[in-house]
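# A structural walkthrough
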Amino acid sequence: MSQSSSPVKGTAFTSKIGLIMAAAGSAVGLGNIWKFPYIAGENGGGAFLIVYLGCVLLFGLPLLMTEFLIGKRSGKSAFGAFRELCGNSRWQWLSWLCMLTSLLIMGFYFIVTGWCFNYLIEAIRNTFDSLVGTEALTAHFQSVVSNTPRMILFSMLPLLLTAAVVWFDVNKGIERLSKILMPLLLLMMLLMAGRVLMLDGSNVGVQFFFQTDFTKITPRVVMEAMGQCFFSLSIGMGALITYGSYMPKTQNVTTTSIQVIVLDTLVALLAGVIIFPAVFAFGFDPAEGAELVFVVLPAILQQMSLSWLSSVLFFLLLCIAAVTSTISLMEVMVAFICEASNRPRGKRQSVRPLSRHQSVLITSAVVSVLIVLCVLSMTGAWSSLSVFGHNLFDCFDELTSCVMMPLGAMGMAIFVGWILPKNGVKGKMYPDRGVKRWFWNIYIIVLRWLVPAAIVVIFLNSLKLFDVA
Ligand code: PFF
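The structure contained in this document is the topic of the report that follows. (Residues numbered from 1 in each chain as written. Predicted model: local features only at pLDDT ≥ 70, side-chain atom pairs only at ≥ 80, totals over all residues. Heavy atoms only, no water.)

### Let's talk about the overall build of the protein
The helix and strand inventory of the protein stands at 18 helices and two strands. For 469 residues, the compact-globule formula gives about 23 Å, and the C-alpha radius of gyration of the protein, at 22 Å, lands near that figure. With respect to the three principal axes, the spread of C-alpha positions in the protein is 65 × 50 × 45 Å. By the burial criterion, 60% of the 469 residues in the protein qualify as buried. Sequence separation of at least 24 residues holds for 83% of the intrachain contacts in the protein that already meet a minimum separation of 6. (Helix = DSSP H or I, 4+ residues; strand = E, 2+ residues; numbered from the N terminus. Rg over C-alpha atoms; globule rule 2.2 N^0.38 Å. Buried < 20%, exposed > 50% of the residue type's maximum accessible area, 1.4 Å probe, protein only. Contact = heavy atoms within 4.5 Å.)

Right, here's the structure in full:
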């Protein structure tokens, strides 16, 4: 057992592996299983993989280290970390940005997680047997995503589950569960991959996923790889600052970051190895996003031998991946509320300090309202709930991944690269004992120049996504 940096009893990981599993659980999510295989397959396969790995090493690793460092060195969550390190409240906007980003992500992420739970329950009840062919499955998916009460109900299920885990102290809830669920997820994925690779014709899918076509690598594809890297590693919204503040003192930030990155990338690759061979073995076209997971895959799973078991296994692993991510999202806000309400304010203390339980209740209530608004706007039940013609679900998705997460990441890079050294805390931020000086120097150069420059380019790209420029 090692000592953690967190000052509050119970809010700390008691083991290094606990933190690694929880951080990997945050990173591994729907982005890996649902989004990554499709983007990679469509954008040059192996070539995209090389670009993606480049982005992960160049931007993902330094930013992951940065978030862990901010949390570990300050011992505070996203609310107090910036103030604690720079000694004033000038960077407090970054705390609020983190909190708002996690809130908006929860608004749409719980809805997609709800679809996964809906499909898991249907897989258990063998509902797909009566839906033959992709047309019937498309109609079924449409009926799921246009049914307001059903969507709200199914989004509440993972919300309740997440709240139940976050309700407990970090070491008893998040840590204990992550240590069970993450190895289980990996095992299930390996089983699925083995099963799919035994299908006749699966090699075409493997070739599709890994074919290396550099002609497809355009600046837009590089941007896409960078955006995917941020979202997939949960960078730029304080989840890893919060987990960093619970990190055992003796834990090495650099090694932990590398371990999390390896696990996250491994799951994304495994997802591709499961999905594409199956798609090609059964003669389907690789469809995009929601279609792929909720229409094409059920159609494929239906045709496999042991179809019930395969369907249940697949949707179960999707639910596990999603819930370990929602847990980290909720923890950002819960830790934020706890810390904000417990902050000493001198004599005129007007806010009553809130307990972890009260913070979980407040967070769940606010997120429930957001979910309901998103669903109403999506299904058209409340059609005036839209921004620039986009429903709230799409708005939250695009706003967080294209603007808020990159902005948060850029703020953190500038904070650690430029602001802290000026305040004389460079020594305090030095990553780990034994880390070579050249490594630290490269790390700082990347934070100061490369990360902000790359993020400005992402912004320009996302402006195009919003049709502003
Ligand atoms: N990394 C998650 C995924 O790939 O699905 C998404 C995510 C989870 C983003 C938690 C941010 C976060 F804090």
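Having seen the model, we can carry on.
### Considerations on the site of the ligand
Every one of the 16 residues lining the ligand counts as a neighbour, but Ala-27, Gly-31, Tyr-109, Phe-231 and Met-237 are closest to it. Here a nitrogen atom of the ligand sits 2.9 Å away from a polar atom, N or O, in the main chain of Ala-27. Ser-234 is positioned with one of its side-chain polar atoms (N or O) 3.1 Å from a nitrogen atom of the ligand. Its residues assigned to classes, the shell around the ligand comprises eight nonpolar, eight polar and no charged. (Near = heavy atom within 4 Å. Polar contact = N/O pair within 3.5 Å; in protein donor to acceptor, adjacent residues only side chain to side chain. Nonpolar A, V, L, I, M, F, W, Y, C, P; charged D, E, K, R; others polar.)

### Focus: the environment of Gly-408
Along the chain, the position of Gly-408 falls in helix H16 (residues 392-422). Given the relative accessible area of 1%, Gly-408 is considered buried. Along the primary structure Gly-408 and Gly-238 are separated by 170 residues, whereas in three dimensions their C-alpha atoms are 8.3 Å apart. The contacts of Gly-408, once residues within four sequence positions are left out, are Leu-94, Leu-97 and Gly-236.

### A closer look at unusual backbone geometry
One non-glycine residue, Asn-126, lies in the positive phi region at around 65°. Given a relative accessible area of 35%, Asn-126 falls into the partly exposed group. Located in the positive-phi region is Ser-234, a residue other than glycine, with phi close to 55°. Mapped onto the elements, Ser-234 comes out in the loop between helix H10 (219-232) and helix H11 (239-245). For Ser-234, a relative accessible area of 7% corresponds to the buried category.

### Some thoughts on the packing of helix H8 (residues 174-197) against helix H12 (residues 253-281)
In contact at an axis separation of 9 Å, H8 and H12 are set at 30° when each is read in the N-to-C sense. Taken together, the axis directions place H8 and H12 in an arrangement best described as roughly parallel. Of the two possible hands of crossing, H8 and H12 adopt the one that is left-handed. Facing Leu-186, Met-189, Leu-190, Met-192, Ala-193, Val-196 and Leu-197 of H8, the residues of H12 in contact are Leu-263, Leu-266, Val-267, Leu-270, Ala-271, Val-273, Ile-274, Pro-277 and Ala-278. Residues belonging to the contact of H8 with H12 are distributed by class as follows: 16 nonpolar, no polar and no charged. (Axes fitted to C-alpha atoms, helices over the stretch in contact; angles between N-to-C directions. Parallel < 35°, antiparallel > 145°, perpendicular 65-115°, else oblique. Left-handed = near helix turned anticlockwise from the far one by under 90°.)

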